[in-house]
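Notes for the structure review
Each chain, letter by letter, is given below.
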Amino acid sequence: MTEQPPIINSSISYISAEKTLVGKKILITGCDHELGLSLARKFISEGAEVLISGSDWYSLNDSAEQLGCKCRTVNLKQTASFPGFLGHVEKDLGGVNCLVHAADVAMKEADILEVTPEGFDAQLNTNLRGAYFLTQSFVKLMESKRRKDCSVLFVSSQPVENICDTPYEMFRYSRLSYVQGSAVRLLRSEIRVNAIELTTPLPTHMVTKMVKSAPEKSEDAEITETVEPVETEVTTEEIAPIAPTEPSLMQAACFLLADSARCITGQIIQCKGSTL
């Protein structure tokens, strides 16, 4: 009996140069600030159906009307609500297949001596814990639907140092490690996981109530003055860096979500200025 050759499964995709995301139904977090909205705008221009999410309904609704897309609120601290939230997103989009994490909380902390428990928890809940369990719920939904060619993309709005002692940097490195580790596990489910990192700082930031409630150094000398917090609950829109609209970041995001990047997973793409 002759040995049979192995069976090789392959698929061929065709994409337009101007509409690379046709057929993609994308959920974006962190759309209370410019990073998420810039991504949404770009994805829509590339033919994707988009649902923007965040914690401020009025801001989201106004943005959704301008963009011509749908929106839903989500509190990234309430992980138990994620399956129900994704169920609504599934109905709104008629079948979500991409999750883009753009929610990013960064406190004004120079080093460990300026970190507060409240600031630590705010960054943990959004940048790591919330993103982790929302991804978990998304993966469970995709596997239950047996949906293929899905993507999870993490987009960060601040660069980090190689050696760090602040929560933002620590949680970012943990998240990047997760990107590479989960890519191996999810390969069999045809779910790709990638990340985009900025290597240069952003030019401006939103100065918000949460920023003002952080410790501030007196101009005189080594006296630290603490401003009384205005509110107790921290949400993603209270401290959110303004994202650059450099073509490189937007183009990289579109490329990683497009069918042309089906063979790419577990990768961390670094963007600096207008180059990759």
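Going by the structure above, here's the rest.
Residues numbered from 1 in each chain as written. Predicted model: local features only at pLDDT ≥ 70, side-chain atom pairs only at ≥ 80, totals over all residues. Heavy atoms only, no water.

Focus: the overall build of the protein chain
When its secondary structure is counted, the protein chain shows 7 helices and 9 strands. Long-range pairs, those at least 24 residues apart, make up 71% of the contacts in the protein chain between residues at least 6 apart in sequence. Approximately 14400 Å² of the protein chain is accessible, and the part contributed by carbon and sulfur atoms is 52%. (Helix = DSSP H or I, 4+ residues; strand = E, 2+ residues; numbered from the N terminus. Contact = heavy atoms within 4.5 Å. Areas by Shrake-Rupley, 256 points an atom, 1.4 Å probe, with all protein chains shown as cover.)

Things to note about unusual backbone geometry
Peptide bonds are mostly trans, and most non-glycine residues show a negative phi. Positive phi outside glycine occurs at Arg146, with the angle close to 55 degrees. In this fold, Arg146 is placed in the loop between helix H4 (117-144) and strand E5 (150-155). Of the residues examined, Arg146 reaches a relative accessible area of 72% and is grouped as exposed. Here the phi dihedral of Asp149 falls at roughly 55 degrees; this positive angle occurs in a residue that is not glycine. You can call Asp149 partly exposed: its relative accessible area is 25%. (Buried < 20%, exposed > 50% of the residue type's maximum accessible area, 1.4 Å probe, protein only.)

With respect to the nonpolar core
Ile26, Ile28, Leu39, Phe43 and Ile52 are the most contacted members of the largest nonpolar core, which has 33 residues in total. Mapped by element, the contributors of at least two residues to this core are strand E1 (25-28), helix H1 (34-45), strand E2 (49-54), helix H2 (57-67), strand E4 (98-101), E5, strand E6 (191-198) and helix H7 (247-257). Looking at this core element by element, the count peaks at 7 residues for H7. Residue contacts for Leu39: discarding those within four places in its chain leaves Ile28, Val100, Ala102, Val155, Leu249, Met250 and Ala253. Ranked by size, the runner-up nonpolar core spans 27 residues in total, among them Val74, Phe82, Leu99 and Cys150. (Core = buried A, V, L, I, M, F, W, Y, C linked by side-chain atoms within 4.5 Å.)

Some remarks on the side chain of His33
Topologically, His33 is positioned in the loop between E1 and H1. Within polar-contact distance, the side chain of His33 engages the backbone oxygen of Gly30 at 3.2 Å. (Polar contact = N/O pair within 3.5 Å; in protein donor to acceptor, adjacent residues only side chain to side chain.)

Some thoughts on H1
Its 12 residues give H1 an end-to-end C-alpha distance of 16 Å, which sits within 8% of 16 Å, the value for a rise of 1.5 Å per residue. Taken residue by residue, H1 has Leu35, Gly36, Leu37, Ser38, Leu39, Ala40 and Phe43 as its buried positions. (Expected span 1.5 Å × (residues − 1).)

A closer look at H4
In this model H4 runs 38 Å from its N-terminal to its C-terminal C-alpha over 28 residues, within 8% of the 40 Å that 1.5 Å per residue would give. Bending of H4 peaks at approximately 45 degrees at the position of Asn125. Just past H4, the residue Arg146 takes up positive phi, approximately 55 degrees. (Bend = angle between axes of the 7 residues up to and from the residue.)

Thoughts on the state of the cysteines
Per the counting criterion, the structure on display carries 0 disulfides. Not part of a disulfide, Cys71 finds its nearest cysteine sulfur in Cys69, a span of 7.0 Å. On the accessibility criterion, Cys71 (13% relative accessible area) is buried. (Disulfide = S-S within 2.5 Å.)

Looking at the sheet that holds E5
Read from one edge to the other, the open sheet built from 7 strands follows the order E3-E2-E1-E4-E5-E6-E9, with strand pairing classed as parallel. Pairing within the sheet leaves two strands with one partner each, and these edge strands are strand E3 (70-73) and strand E9 (268-271). Each strand axis lies, on average, 20 degrees off the axis of its neighbour in the sheet, ignoring direction. Both E1 and E2 contribute to a ladder of 4 bridges, which runs parallel. Looking at E2, one finds that Lys25 is bridged to Glu49. In this fold helix H5 (residues 167-186) packs onto E5, E6 and E9, with an angle of close to 155 degrees to the strand it touches most, E6. (Pairing = 2+ DSSP bridges. Axes fitted to C-alpha atoms, helices over the stretch in contact; angles between N-to-C directions.)

Topic: the pattern of salt bridges
For the structure on display, the rule yields 9 salt bridges. A salt bridge links Lys24 to Asp259; the nearest nitrogen and oxygen atoms lie 2.7 Å apart. Here the residue Lys24 occupies a position in the segment before E1, and Asp259 occupies one in the loop between H7 and E9, the gap between them amounting to 235 residues. When the shortest N-O distance is used, the salt bridge between Asp259 and Arg262 registers 3.8 Å. (Salt bridge = Lys/Arg side-chain N within 4 Å of Asp/Glu carboxyl O.)

Here's the deal with the environment of Tyr173
In this fold, Tyr173 is placed in helix H5. Sequence separation between Tyr173 and Leu128 is 45 residues; the distance between their C-alpha atoms is 9.8 Å.

Side note on the environment of Ser59
Take Ser59: it is sitting in helix H2. Residue class for Ser59 comes out partly exposed when judged on its relative accessible area of 25%. Taking the C-alpha atoms as reference points, Ser59 and His33, separated by 26 residues in sequence, lie 9.2 Å from one another.

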